[in-house]
Structures are given as structure tokens and as C-alpha cells.
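# Descriptive analysis of the structure
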Amino acid sequence: MPLSFPRPPILRACLALAFLGGAHAALAEPVAAVHEAAQAQRQGMLDTMRDLVGIESGSKDVEGVERIAELIRDRLKALGGTVEIVPATDVFRLDDTPEKVGPMVHAEFKGKGDKKIMLIAHMDTVYRNGMLKDQPFRVDGGKAYGLGIADDKHGVAMILHTIALLQKLGFADYGTLTVLINGDEEISSPGARSTITRLGADQDAVFSFEGGGAQARLTLATSGIGAAYLAVQGKTSHAGARPEGGVNALYELAHQLLQLDNLSKPEEGLKLNWTVAQAGTNRNVIPGQATAQADARALRVSDFDALSRSLEAGIQKKLLPESKVSVKFEVRRPPLEATPASRALAAHGVRIYQELDLPLKVVDRASGGGTDAAFAALKARGPVIEGMGLSGFGAHSNDAEYIQIDSIVPRLYLAARMIMDVSQGKAPMK
């Protein structure tokens, strides 16, 4: 590979120091210095992922999340950051939000420049306590397996070792590196969302370390995730002896679902699908209550606002005038929308990957689920890039979650170079 051919140690060290001091004359060798530093972090990354996987931290296992938060806090402190574990106090209550949610780990590293950069990942998983025994950390060939390793414990490790890599190079040309590790991402970040948005608004760039895809990619757009809850209040009565004395909540619910179904606009990326319904208690009783839930997806924040208004207007058209119908709409995650700034910065990432003779895809149209990057982007003044993590597969699975070990060095190289170039004004930001 042309970027890593051997050079005399003294010459290599001198050129690397010239790069870190801001010299532009000899570009290829300083790139090689970064690549060598990334290679030196490879085993440490594996060890850190092993340690993180070894602590079960399901979103609703708050004690487990607190234990892994302490480990991450200690690692960030050892790297020289100002670190605190932040309890979730400003909790946005969703339909399924538990009484208590896990904390965040917040760290700051001060540099000598003026650019503000934030790195985010999450430490909670979807798994129930006790499942680690069936999916412990192990290395098999070119893959490292483990509970939560792909989503998103490798992302936490990436942040720790990217910072370690920069410190090994003596690089501190950023103004502030902010780290925020979330403890409730898998339940839609009810406790962390406001903090992510507040901190994200003050950054020149935000990098989110969710997985980078089975084929290397950066993500600039994700679907927003919403939920609708429909409730009908009717009146019970004997279904055989006196059905006319009741108000059939099931009939009204069926009417509402059929008329509200046309709110979907798939061609515009707006999807509303009713997925759960319940009504009635006994075969011979006119149902007095009925409920339904819907999954909603959108590509633009404004689409959810319009959908909420349409739902409220739609339920006014009733089949049974005596029934009472209500609807609640909640935004579980806003969409992440691609911007000119994020496209420009991602294109710079593609060029960085090309230095390693590797392809890197940029996804700027939303597909699939949402991430915390969308909360960071709500009020952001700079680009937000998702998918900075490792290549992997099997997130949320019971026996096949893994990362690809050969993606460790390229991804560390990419993360470090992106931070360096943003810090030194070498990356396009608009």
C-alpha cells in the first residue's frame, strides 16, 4: 500500500512532527503516521470491546447501565478528560418510558484551537439481563462477537481509542472535543434527547458512532420514528339481548383505522401503519373500549407536525356520534436530514478512505430506523455525520452480533483524520 511503505525512523518522526505542527509540504508521510497510530490501537480496541461486552447494560437495567458508565468515565478520565456521569432528569415521557432511565457520560477535552467537535455513542442495549452467558465476547476468525458489540459498544470503544490515537500523535488543534455516551438510546432516548440537542447546537461538527454498515458507509439521513395511539370510548351492552343499547367501540375503531389509513404518503417517505389493536372482553358483550397503535416514519421533521394535525382533524369524522375518540401522537425520534454541509464533509471522508485504497459509500436518503444523530441535528449549526463506527452485523440478534475486525484500523484512521481536518480547517464544512 503506497501510504505505508517503510521510511527511516528519524525521517518518519520528523515528517510526522511537521504535520502535527500544521505543515502542508509533505502530506503522504504524515498520513502514514496516522495510519500507523491506528494500527497500534487495534488490539486495545478488541480489549476494550471485551470489557464493555462483559457488563450487561440493557436499557431498563439501570444498575447495569450505571456500572458500564463508571467504566467509561474512568477510561475517559485516564485520557485526561473532564468527566461526569449525568443522571437523566429532564425526561421526555413516552408511552413505554420506564420510571427510571440510565445516565449519560459527558466528557470534555480542551485543545489549543477553536473548533468544537462532538462524538456520540450509546452504552445501553436491547437485551435482558442474563443473556450474556449465551453471547459472550469471543474472536472467531475475522469477527469479534458479543452481546451488544455491534449496537453500540464498539462505538464507545471507537471514541475512546480515537481520542487515545490523537493523544499518541500529540494532536490537540481542536478547541473542544465533547463526548456524550447515552444510556437510554434503545428506548428512544427519553432522558438524553434534550442534552444531545443542547450540546449539538454548539458544535462545528458532530460524529455519531453507530455501526458503519456491512459495506463501509457514512449516513447523512435516517427516518424519523413516531407512534400514534388511538382510543375509542363506547358503551357496553348485551350483544344478544340488547345490542342497540350499546355503542360499539370496535365498529368505531374499525371506521377510524380505515379513514386514517390514507394519511400515509409512501411516495414522499411518510408512512403510517396501524400495527396493534385491542377491543372487547367477551363474545356476548358489545365492546365499550377499543385501542390501536400505529408506527409512523417520516423523512422531514415538518412531516410529523403535519401528520399530528391530520390525525386530530381526522378523528372528528365519526361513524357513531355517541362514541368518544382521542388520539395521541409522539415523536420517538425526529428524522436526520442531509444538508449541504454534511454532504461536503462526508465527501471529504470518502477522499480520506481513498487514501487507504478503500471504498466508502455515502447514504444521504433515509432508510430504516433512526438514531441519536437526529437529536444532535435538530438545532445544529454544523454538519452531523452518522455511521462512524465499525462494520458489523446482527444488531438486536440473540446469537450472531459481531463486528468485522479488519474495519478497526480504517475506521480509526477515518475518525482521527476527520477530527484533525475539521480542527485545522482542511475539511469542507458547507
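Starting from 1, residues in each chain are numbered consecutively following that chain's sequence as written. Under the rules for a predicted model, residues below a pLDDT of 70 receive no local features and side-chain atom pairs below 80 are neither given nor counted, while totals for whole chains, interfaces and linings still include all residues. Derived side-chain values reflect all non-hydrogen atoms in the structure, with water molecules and hydrogen atoms excluded from consideration.

Since there are 3.6 residues in each turn of an α-helix, residues three or four apart along the chain are aligned in direction. Each residue is placed in one exposure class: buried if its accessible area under a 1.4 Å probe, protein chains only, is under 20% of its type's maximum, exposed if it is over 50%, and partly exposed if it falls in between. Helix and strand labels come from DSSP, where a helix needs a run of H or I of at least four residues and a strand needs a run of E of at least two; each type is numbered from the N terminus. Of all eight residues that make up helix H6 (residues 193-200), six are buried, and the element is covered over most of its length. All buried positions along H6 are accounted for by Arg-193, Thr-195, Ile-196, Thr-197, Leu-199 and Gly-200. Packed against the buried residues of H6 are strand S2 (104-110), strand S3 (116-122), strand S6 (176-182), strand S7 (205-208), strand S14 (324-333) and helix H10 (373-377). Here, two residues are considered to be in contact whenever any of their heavy atoms come within 4.5 Å of each other.

Within the secondary structure layout, Tyr-145 lies in strand S5 (residues 143-145). With relative accessibility at 13%, the residue Tyr-145 sits in the buried group. Measuring from C-alpha to C-alpha, the distance between Tyr-145 and Val-53 comes to 9.2 Å, with 92 residues separating the pair along the chain. Excluding anything up to four places from it in sequence, Tyr-145 contacts Pro-136, Phe-137, Arg-138, Asp-140, Ala-400, Glu-401 and Tyr-402.

Side chains Ala-290, Ala-292, Ala-294, Ala-296 and Ala-298 project from strand S13 (residues 289-298) onto a buried face, and the interleaved Gln-289, Thr-291, Gln-293, Asp-295 and Arg-297 project onto a face without burial. Examined bridge by bridge, strand S9 (residues 224-233) and S13 share ten bridges and lie antiparallel to one another. Looking at the pairing, Gly-224 lines up with Ala-298 of S13. Pairing between two strands is assigned when DSSP locates at least 2 bridges connecting them. As judged from the eight bridges shared by strand S11 (residues 271-279) and S13, these two strands associate in the antiparallel manner. Across the sheet, the residue bridging to Ala-279 is Ala-290, located in S13.

Residues with no salt bridge and a relative accessible area higher than 30% make up the patches, which join like charges within 9 Å and nonpolar side chains (Val, Leu, Ile, Met, Phe, Trp, Tyr) within 5 Å. Areas reported here follow the Shrake-Rupley algorithm with a probe of radius 1.4 Å; residue values treat only the protein chains shown as occluding. Should a side-chain nitrogen of Lys or Arg be within 4 Å of a carboxyl oxygen of Asp or Glu, the pair is scored as a salt bridge. Together, Leu-250, Tyr-251 and Leu-319 line one region of the surface with nonpolar side chains, adding up to about 310 Å² of accessible area. Position of Tyr-251 among the secondary structure elements: in helix H7 (residues 249-260). Taking relative accessible area as the criterion, Tyr-251 reaches 52% and is therefore assigned exposed.

Further remarks concern unusual backbone geometry. Cis peptide bonds are those with omega within 30 degrees of zero, and the linkage from Asp-151 to Asp-152 qualifies with 10°. Of note, Asp-152 is situated in helix H5 (residues 149-168). For Ser-188, which is not glycine, the phi torsion reads 75° and is therefore positive. With respect to the helices and strands, the residue Ser-188 is situated in the loop between S6 and H6. For Ser-188, a relative accessible area of 10% corresponds to the buried category. Backbone geometry at Asp-357 places phi at a positive 60°, although glycine is not the residue there. Assignment of secondary structure puts Asp-357 in the loop between helix H9 (340-354) and strand S15 (361-363). The class for Asp-357 is exposed, based on a relative accessible area of 53%.

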